[in-house]
Amino acid sequence: MALKCGIVGLPNVGKSTLFNALSNAGALAANYPFATIEPNVGMVPVPDPRLDRLAELVKPQQTVPTTVQIVDIAGLVRGASKGEGLGNQFLANIRECDAILHVLRCFDDDNIIHVEAATSPVAIDPARDRDIVETELQLKDLESVDKRLSKARSTAKSGNKDATKEVELLEALSAHLNAGQSARAWAGGEAGAALMAELMLLTAKPVLYVCNVAEADLATGTNAHVEAVKKLAAAEGAGAIVICAAIEAQIQQLEDPAERADYLEAMGIAEPGLHLLIRTAYQLLGLQTYFTAGVKEVRAWTIRRGDRAPQAAGVIHTDFEKGFIRAEVIGYDDYVTLGSEAAVKEAGKLRVEGKEYVVADGDVMHFRFNV
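These numbers were taken from a predicted model, which means no experiment stands behind them. (Residues numbered from 1 in each chain as written. Predicted model: local features only at pLDDT ≥ 70, side-chain atom pairs only at ≥ 80, totals over all residues. Heavy atoms only, no water.)

## Brief notes about the environment of cysteine 5
Let me state the cut-off plainly: Secondary structure is summarised from DSSP: a helix means a run of H or I of at least four residues, a strand means a run of E of at least two, and numbering begins at the N terminus for each. Type-normalised accessible area, obtained with a 1.4 Å probe on protein chains alone, sets the label of each residue: buried when under 20%, exposed when over 50%, and partly exposed for intermediate values. Whether two residues are in contact is decided by their heavy atoms, any of which lying within 4.5 Å being enough.
Counting through the fold element by element, cysteine 5 comes out in strand β1 (residues 3-8). Exposure remark for cysteine 5: the relative accessible area of 1% places this residue in the buried category. For the pair cysteine 5 and leucine 101, spaced 96 residues apart in sequence, the C-alpha to C-alpha distance is 6.6 Å. The contact partners of cysteine 5, leaving out residues within four places of it in the chain, are Val68, Gln69, Ile70, Val71, Cys97, Ala99, Leu101 and Ala281.

Below you can see the structure in the form of structure tokens.
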């Protein structure tokens, strides 16, 4: 399962610097709008200490983490929904993502131009910046909804009952968006959720606000700008985390683990902010990890929370799900405590589970199947 997150925000808020730190893909980071014209894409390994610990115990030929695909989407501006700043192209890139990482500038720096500086009395205002981007996404969604509504109304005139129900849903959703509300906040029930998924609405996607702070604010993890973002995030039930994109970029340049550890300690942080970002994105989408462990490979696999054993097997190969017989399951804590699969079996801690088993986060699994 490939998770795809799009990094969005106004120009010059630190999106490309963050992307570079995440993927080491070398996206151009420049102090002017639209340094990123085409979306940069990077595959980022999901940091998981449990995978490292299993590898230490098993000593496999290779260790394979699960990954997240990160898309760096060029800075949106006012009028993006109407095509300003190549907006239509950028909005289409967001449509293909599973979740949105909305980077907000929460630092002051006279050397970095803010795109709103010429028109706003307050140059740095993350709440305003959030509203600008969210409004453009809402307007694009409204365009999609109203286009579909026009077609549904035409069909409903013939007495089509399904079309009549769809018109009612679309009219309610259109009114919601027109009121300046995002689709994710619309209480449209199961039918509404299915309709939004079909329309691939931009504001229906889960969002994580990423507060990009200055180095001086990283240790405390807050400032007045961050508090403003946390307040608006709480109001809409969204998540918010704090990072310093510049610091994250420096961390990634340190290849020696000891140097990285010393640098983190000097900065007063326990781990790179990118680790928190990826883990939070996972939680945002209701994802979890299970492991397979053998002498050839120890590997992490991504599934949705609540998936049953056959679905988990299908992530490895569709034949595993089709021909599923049973799963041999070891809880992660049991594996680590006892130290090996053989010791787990000897202690009677290996379980045999069937098709109805709901996989737990961190399970170590082997599947039996018929092709």
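## With respect to the packing of aromatic side chains
Condition: Within 6.5 Å between ring centres, the rings of Phe, Tyr and Trp (the latter by its six-membered ring) count as paired, and their orientation is classed by plane angle as stacked under 30 degrees, edge-to-face over 60, tilted in between. Look at NZ for Lys and CZ for Arg. If either is within 6 Å of the ring centre and within 35 degrees of the ring normal, a charge sits over the ring.
Per the stated rule, a full pass over the model turns up 4 aromatic pairs. When the centroid spacing of 5.9 Å and the interplanar angle of 85° are considered together, the rings of tyrosine 290 and phenylalanine 367 count as edge-to-face. Pair noted here: tyrosine 290 is in strand β8 (residues 287-293) and phenylalanine 367 is in strand β12 (residues 364-369), with a separation of 77 residues, a long-range link. Of the two residues, tyrosine 290 and phenylalanine 367, neither departs from the other in class, the shared state being buried. Members of the aromatic cluster, connected to one another through ring pairs, are Tyr290, Phe324 and Phe367. Residue placement shows arginine 299 over the ring face of tryptophan 301; its charged tip is 4.3 Å from the ring centre.

## A few points about the packing of helix α9 (residues 245-253) against helix α10 (residues 257-267)
Heads up, the rule is: Convention adopted: a line fitted to C-alpha atoms gives each axis, helices being fitted over their contacting stretch, and angles between N-to-C directions are expressed from 0 to 180 degrees. Should an angle lie under 35 degrees it is considered roughly parallel, over 145 roughly antiparallel, and from 65 to 115 roughly perpendicular; all remaining angles are considered oblique. The handedness criterion is simple: a crossing whose near helix is rotated anticlockwise from the far helix by less than a right angle is left-handed, and one whose near helix is rotated clockwise is right-handed. Polarity classes work like this: nonpolar for Ala, Val, Leu, Ile, Met, Phe, Trp, Tyr, Cys and Pro, charged for Asp, Glu, Lys and Arg, and polar for all others, with Gly in that last group.
It is the contact of α9 with α10, at a shortest axis distance of 9 Å, that shows an interaxial angle of 155°. Viewed along their axes, α9 and α10 adopt a mutual orientation that is roughly antiparallel. Along this stretch, α9 crosses α10, giving a crossing that reads as right-handed. Contacts between α9 and α10 involve Ile247, Gln250, Ile251 and Gln252 from the first element and Arg260, Tyr263, Leu264 and Met267 from the second. Here the residues of the contact of α9 with α10 sort into 5 nonpolar, 2 polar and 1 charged.

## Topic: the pattern of salt bridges
We apply this condition: We define a salt bridge as a contact between a side-chain nitrogen of Lys or Arg and a carboxyl oxygen of Asp or Glu at a distance within 4 Å.
Within this structure, the stated rule accounts for 19 salt bridges. Close ionic contact of arginine 53 with glutamate 56 constitutes a salt bridge, the shortest N to O distance being 2.9 Å. Placement of both arginine 53 and glutamate 56 in helix α2 (residues 49-58) is noted, with a separation of 3 residues, approximately one turn of the helix. Between arginine 153 and glutamate 171 there is a salt bridge, with the nearest N and O atoms lying 3.0 Å from each other. In this pair, arginine 153 is assigned in helix α4 (residues 126-156) and glutamate 171 in helix α5 (residues 161-178), connecting sequence segments 18 residues apart. Overall, the relative accessible area of 43% leaves arginine 153 in the partly exposed class. Its relative accessible area of 37% is what places glutamate 171 among the partly exposed residues. Taken together, the shared-partner salt bridges connect Arg130, Asp131, Glu134, Arg184 and Glu236 into one network.

## As for helix α12 (residues 309-316)
Helical periodicity: at 3.6 residues per turn, an α-helix aligns residues three or four positions apart in one direction. Regarding α12, the residues found buried are Ala309, Pro310, Ala312, Ala313 and Gly314. Looking at the packing, one finds that the buried side of α12 touches β8, β9 (297-304), α13 (318-322), β10 (324-330) and β12.

## Looking at the sheet that holds strand β5 (residues 99-105)
Worth spelling out the cut-off: One bridge is not enough; two strands pair if DSSP finds at least two bridges between them.
Across the sheet, which stays open at both edges, the 6 strands sit in the order β2-β4-β1-β5-β6-β7 with mixed pairing between neighbours. Taken across any chain shown, the strands that pair with only one partner, and hence form the sheet edges, are β2 (40-45) and β7 (239-243). When strand polarity is set aside, the average angle formed by the axes of neighbouring strands in this sheet is 25°. As paired elements, strand β6 (residues 207-212) and β7 share 5 bridges and run parallel to each other. The residue of β7 that forms the bridge with cysteine 211 is valine 242. Relative to β5, α4 is tilted by about 145°, and along the sheet it contacts β1, β5 and β6. Sheet strands in contact with helix α8 (residues 224-236) are β5, β6 and β7, and its direction is about 175° off that of β6.

## Let's talk about the nonpolar core
As a reminder, the rule being used: Residue types Ala, Val, Leu, Ile, Met, Phe, Trp, Tyr and Cys, when buried and joined through side-chain atoms within 4.5 Å, form a set referred to as a nonpolar core.
Counting residues in hydrophobic clusters, the biggest one holds 59 residues, and the most contacted among them are Leu18, Ile70, Leu101 and Val210. Look past the residues within four positions of leucine 101 in its chain and what remains in contact with it is Cys5, Gly6, Ile7, Val8, Ile70, Leu208, Val210, Leu277 and Ala281. Grouped together as the second largest cluster of nonpolar side chains are 16 residues, Ala152, Val167, Ala183 and Leu195 included.

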